[in-house]
Amino acid sequence: MHHYPVSITALAILMWNLAGAAQLGPSASNPLPGGITPQPDEVRAPTAETLTAPTSADFEQQVVERVNQERDAQGLAPLKRNVLLDSSSNTHSDNMANRDFFAHCDLDLVTSPFDRITAAGYAWINAGENIAAGYTTSTAVMDGWMGSPGHRNNILSPKYREIGVGYTNATIDFSNVRIDENSDCVADGFGGPFYRYWTQNFGRRNDVYPVVINGEAAETDTRDVNLYVYGAGWATDMRLKNESGTWSSWEPYLSNKLWELSSGNGVKQVDVELRNISNMVLTASDTIALTMPCAVPDDELDLPLQTIDYQQTFQACSLIAAAYGFEINAPGDVTFQAPRIALGPGFKVQQGARFTVMSETP
């Protein structure tokens, strides 16, 4: 038996879920309690739909986003996805699928979720795990977990700040899956085939205060995003910057912050520095893909000083800025089309000219 220092709360949550998993019966044709439901139709040959199903990475990201939607509905902070917790979750899902067992304890290596999370390099002060088997979609597995009190408690626990998800689709599976029915890390029943194996690992680290963009969504189609910044009770001030920008001025700490990403489509990073009353500074960052639906090449268009007396349309994906002294003379007919438009001092539209503003993405 491996022993690690654990918080009483984290251990109680995990043991609760182990107790739930221990109720599983050996039949693959009946729903399994504890948020695990085998799917009998999975023994059928693949259909066109299953062959074009989302990838494991898609499913895992969908689970993360659904978790944060459930937390938001309860007024709870979103969880930040963590690569180390992803690693421990994927390891367990792979092992269950490849070595034919279903349990929180690895029935061959006799390792607990805490062992695996620690081995992945995650120095936790709170940790927990949810597992499931048989569910074919991220929506179905989340519905199953949310319908099981112990698993739901993990998903909605305010003690966690980070999450990892692992999903494995075994192409071959049989009814020889070993199941630990009494949580003693010894197989005492069989079930399956399940094919799909899911693991969620939850955690919190000391002196780590993540920042989460848009509930840890994978992408956004607008530069305006919402940040959740952990640090309540510790931080007094904070400042932020985009990946290639400069730091904003220090401002009082806020857990929720509206922010504008840098221009141009692609992966965007937001960096945050938190400062406490002792002037100790901690950093955090998060990324999101910006995919603005725009039909023109310019994200920002800076128009120089000029006089226009003909028909002209200027378009930009995010901003059009007219320089000082930009002038439209008759019979000029000028249109600006962009979500944001900035007119410099001295901007003029002479009598007989026409100027149209379209505050929208081209």
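For the structure itself, look to the data block above.
Thresholds, definitions, all that
Residues numbered from 1 in each chain as written. Predicted model: local features only at pLDDT ≥ 70, side-chain atom pairs only at ≥ 80, totals over all residues. Heavy atoms only, no water. Pairing = 2+ DSSP bridges. Helix = DSSP H or I, 4+ residues; strand = E, 2+ residues; numbered from the N terminus. Axes fitted to C-alpha atoms, helices over the stretch in contact; angles between N-to-C directions. Salt bridge = Lys/Arg side-chain N within 4 Å of Asp/Glu carboxyl O. Buried < 20%, exposed > 50% of the residue type's maximum accessible area, 1.4 Å probe, protein only. Phe/Tyr/Trp six-rings, centres within 6.5 Å; stacked < 30°, edge-to-face > 60°. Lys NZ or Arg CZ within 6 Å of the ring centre and 35° of its normal. Polar contact = N/O pair within 3.5 Å; in protein donor to acceptor, adjacent residues only side chain to side chain. Contact = heavy atoms within 4.5 Å.

What to know about the sheet that holds strand β23 (residues 348-349)
No. 1: Pairing is parallel in the open sheet, where 3 strands are placed in the order β17-β20-β23. Each having just a single partner strand, β17 (307-308) and β23 make up the two edges of the open sheet.
No. 2: As defined by bridge partners, β17 adjoins strand β20 (residues 327-328) across 2 bridges and the pair is classed as parallel. Paired with I308 across the bridge in β20 is I328.

Some points on the sheet that holds strand β18 (residues 311-315)
Strands belonging to one sheet form pairs held by backbone hydrogen bonds; the direction of such a pair is parallel or antiparallel.
No. 1: Taken together, 3 strands build an open sheet; the order of strands is β18-β21-β24 and the sheet is parallel. The strands lining the two open edges of the sheet, one partner per strand, are β18 and β24 (354-358). Direction aside, neighbouring strands of the sheet carry axes that sit 10° apart on average.
No. 2: When strand β21 (residues 333-337) meets β24, the two strands line up parallel, connected through 5 bridges. Counterpart to D333 in the pairing with β24 is R354.

Some points on the pattern of salt bridges
No. 1: In this structure the tally under the stated criterion is 19 salt bridges.
No. 2: When the shortest N-O distance is used, the salt bridge between D271 and K241 registers 2.9 Å. Residue D271 is found in strand β14 (residues 266-275), and its partner K241 is found in strand β11 (residues 237-242); the two are separated by 30 residues along the sequence. Residues D271 and K241 agree in their burial class; the two are buried.

So, the packing of aromatic side chains
No. 1: Overall, the coordinates contain 16 aromatic pairs when judged by the stated rule.
No. 2: Centroid distance F59 to W198: 5.7 Å. Interplanar angle 55°. Geometry classified as tilted. Residue F59 is found in helix α3 (residues 56-73), and its partner W198 is found in strand β7 (residues 196-205); the two are separated by 139 residues along the sequence.
No. 3: In this structure F59 comes out as buried when scored by relative accessible area, which is 5%.
No. 4: Across from the ring centre of W247, 5.5 Å away, lies the NZ or CZ of K241, which sits over that ring.
No. 5: Looking at R275, its charged tip hangs above the ring of W250, at a distance of 4.1 Å from the centre.

Some thoughts on the pairing of β21
No. 1: Burial of β21 is extensive: 4 of the 5 residues sit out of reach of the surface.
No. 2: Pairing geometry for β18 and β21, over 5 bridges, is parallel. Residue pairing in the sheet places F314 in a bridge with F336 of β21.

A closer look at the side chain of D106
No. 1: Position of D106 among the secondary structure elements: in the loop between β2 (101-102) and α5 (113-119).
No. 2: For D106, the side chain forms a polar contact with the main-chain nitrogen of L109, separated by 2.9 Å.
No. 3: With residues up to four places along the chain from it excluded, the contact list for D106 reads H92, N95, R99, F101, T111, R116 and C185.

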